[in-house]
Amino acid sequence: MGQDGCMTTERTPLDADALRARLGADVVPRLELVAQAGSTNTELAAAASAAPQAWPDFSVYVADHQAAGRGRAGRDWSTPPGTALTVSFLLRPGVPSSSFGWVGLLGGLAVVRALGAFGLVARTKWPNDVVVDAPVGTDEVDGWGRGRKVAGILGEVAGDAVVLGIGINVLQEPDELPVPWSASLASLGAVIGERAREDLLVVLAHQLWHLDERWRAAGGDAAAAGLVEEYAAASATLGRAVAVERPGGEVVTGTAEGIADDGGLLVRRVDGERELVRSGDVYHLRLRV
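Draft legend 1. Layout of the environment of Glu194. Its location among the elements puts Glu194 in the loop between β9 (161–169) and α4 (196–217). Along the backbone, Glu194 and Arg11 are 183 residues apart, and their C-alpha atoms lie at a distance of 7.4 Å.

Draft legend 2. Up close: helix α2 (residues 40–50). Every buried residue of α2 is listed here: Thr40, Asn41, Leu44 and Ala48. The arc enclosing the buried residues of α2, seen along the axis, measures out at 95°, which places them on a common side. Facing away from the buried side of α2, by more than 90 degrees, are the exposed residues Ser49 and Ala50.

Draft legend 3. Examining the environment of Trp215 more closely. Within the secondary structure, Trp215 is located in helix α4. Measuring from C-alpha to C-alpha, the distance between Trp215 and Trp102 comes to 8.9 Å, with 113 residues separating the pair along the chain.

Draft legend 4. Spatial organisation of the pattern of salt bridges. Taken as a whole and judged by the stated rule, the model has 21 salt bridges. Of the charged contacts in the structure, one is a salt bridge between Glu198 and Arg22, with a shortest N-O distance of 3.0 Å. Placement of Glu198 in helix α4 and of Arg22 in helix α1 (residues 16–23) is noted, with a sequence separation of 176 residues between them. Taking the shortest distance from any N to any O, the salt bridge between Arg113 and Glu230 comes out at 2.9 Å. Residue Arg113 is found in helix α3 (residues 102–116), and its partner Glu230 is found in helix α5 (residues 227–234); the two are separated by 117 residues along the sequence. Taking the relative accessible area as the measure of exposure, Arg113 reaches 29% and is therefore partly exposed.

Draft legend 5. Structural detail: α5. Among the residues of α5, Leu227, Val228, Tyr231 and Ala234 are the ones counted as buried. Summarising the axial view, the buried residues of α5 lie within an arc of 135°, below the 170-degree limit, and thus occupy one face. The secondary structure elements touched by the buried residues of α5 are α3, β6 (122–125), α4 and β11 (251–259).

Draft legend 6. Layout of the packing of aromatic side chains. Taken as a whole and judged by the stated rule, the model has four aromatic pairs. Ring plane angle 55° and centroid distance 6.3 Å describe the contact between Trp55 and Tyr61, whose orientation is recorded as tilted. One exposure class covers both Trp55 and Tyr61, and it is buried. Taking 6.1 Å as the distance between ring centres and 80° as the angle between the ring planes, the aromatic pair formed by Trp102 and Tyr231 counts as edge-to-face. Note that Trp102 is positioned in helix α3 and Tyr231 in helix α5, a separation of 129 residues in sequence. Considered together, Trp102 and Tyr231 belong to a single accessibility category, that of buried residues. Over the aromatic face of Trp55 sits the side chain of Arg30, whose NZ or CZ is 3.6 Å from the ring centroid. The side chain of Lys125 reaches across the aromatic face of Trp144, ending 4.2 Å from its centre.

Draft legend 7. Structural context of the pairing of strand β1 (residues 31–37). Where β1 and strand β2 (residues 59–66) come together, six bridges link them in parallel fashion. Across the sheet, Val34 pairs through a bridge with Ala63, a residue of β2. Following the chain from β1 across α2 to the adjacent parallel β2, one finds a crossover that is right-handed.

Draft legend 8. How the structure looks around the packing of α1 against α4. One way to put it is that α1 packs onto α4 with a least axis distance of 10 Å and a crossing angle of 35°. In this structure, α1 meets α4 at a crossing whose hand is right-handed. Together, Ala18, Leu19, Arg22 and Leu23 of α1 and Glu198, Asp199, Leu201, Val202, Ala205 and His206 of α4 make up the contact between the two elements. Of the residues assigned to the contact of α1 with α4, the class counts are six nonpolar, one polar and three charged.

Draft legend 9. Quick look at the side chain of Ser88. Looking at the element boundaries, Ser88 is found in strand β5 (residues 84–91). Since its relative accessible area comes to 0%, Ser88 is described here as buried. In this structure the side chain of Ser88 is engaged in a polar contact, spanning 2.7 Å, whose partner is the side chain of Thr40. Not counting chain neighbours up to four residues away, the residues in contact with Ser88 comprise Thr40, Asn41, Leu44, Ser59, Val60, Tyr61, Val163, Leu164 and Gly165.

Draft legend 10. Summary view of the nonpolar core. Ranked by internal contacts, the top residues of the largest apolar core, which has 69 residues, are Phe89, Trp102, Leu115, Ile168 and Leu204. With 10 residues, α3 is the largest single contributor of residues to this core. Not counting residues within four places of it along the chain, the set of residues in contact with Leu204 comprises Leu85, Val87, Phe89, Ala110, Val111, Ala114, Ile166 and Ile168. In this structure, Leu44, Ala48, Leu90 and Ala161 belong to the second largest nonpolar core, which totals seven residues.

Rules used throughout
- Residues numbered from 1 in each chain as written.
- Predicted model: local features only at pLDDT ≥ 70, side-chain atom pairs only at ≥ 80, totals over all residues.
- Heavy atoms only, no water.
- Helix = DSSP H or I, 4+ residues; strand = E, 2+ residues; numbered from the N terminus.
- Buried < 20%, exposed > 50% of the residue type's maximum accessible area, 1.4 Å probe, protein only.
- Arc of directions from axis to C-beta.
- Salt bridge = Lys/Arg side-chain N within 4 Å of Asp/Glu carboxyl O.
- Contact = heavy atoms within 4.5 Å.
- Phe/Tyr/Trp six-rings, centres within 6.5 Å; stacked < 30°, edge-to-face > 60°.
- Lys NZ or Arg CZ within 6 Å of the ring centre and 35° of its normal.
- Pairing = 2+ DSSP bridges.
- Right-handed = clockwise from strand over helix to strand, strands pointing away.
- Axes fitted to C-alpha atoms, helices over the stretch in contact; angles between N-to-C directions.
- Left-handed = near helix turned anticlockwise from the far one by under 90°.
- Nonpolar A, V, L, I, M, F, W, Y, C, P; charged D, E, K, R; others polar.
- Polar contact = N/O pair within 3.5 Å; in protein donor to acceptor, adjacent residues only side chain to side chain.
- Core = buried A, V, L, I, M, F, W, Y, C linked by side-chain atoms within 4.5 Å.

Following this line, the structure appears as structure tokens:
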């Protein structure tokens, strides 16, 4: 039992052979499953750098438990063993590097699509989170409202490739969640089975593959591929009053109006000027505009 009296969902270890069979070599040419990793992004990037030919495009590196995961700006991200899906994809997209900012957004869209298969209506929170609204009547959290973070995404350039890390909270009980604005599929009442993490990875990988193919076919032009519109439709950020804290500490306040061609966030500041923000922490303000 969890501390709140909820029955703990069975935490079945991931099965590499089953995953390879279900994913298919035509989609995932190499899948490596490790019992524990510090950071799947760090370990995959190091392995691919040491032996590039051994890690073809769309290789997958997944950890049954990630002990020292990293979020944006180097923040720690960790979960209890057997509760989360922690996976990194190696992408060699062959598009201009100026388009690489879209890789993380594609990851967010893939998570949104995948969670739909589990009965959850998820949305992207620019730049690297996926949220699901808690039930009506749930306390709001400053900067998040009723949105609860279920997934985090981290894209990192590694030479001519991009390592895309995705972490999804799957089986955590409420008392195992680290912050008030986080949730898991289980805590939100998603329909999940004994092999929920395996099922989720299969759906996620196929959704990411399809989105990535569209993006590449358009030469990295997300607008031409119809991905700007799709991202906007899935966004919990666009149309809101926001405060964006840039890495240097500067705060841009205004209305999130759109997504730029390079994946940046277009913000109409309170003084009427439009500003492009390429990185930062976004806080959703209570006022909808």
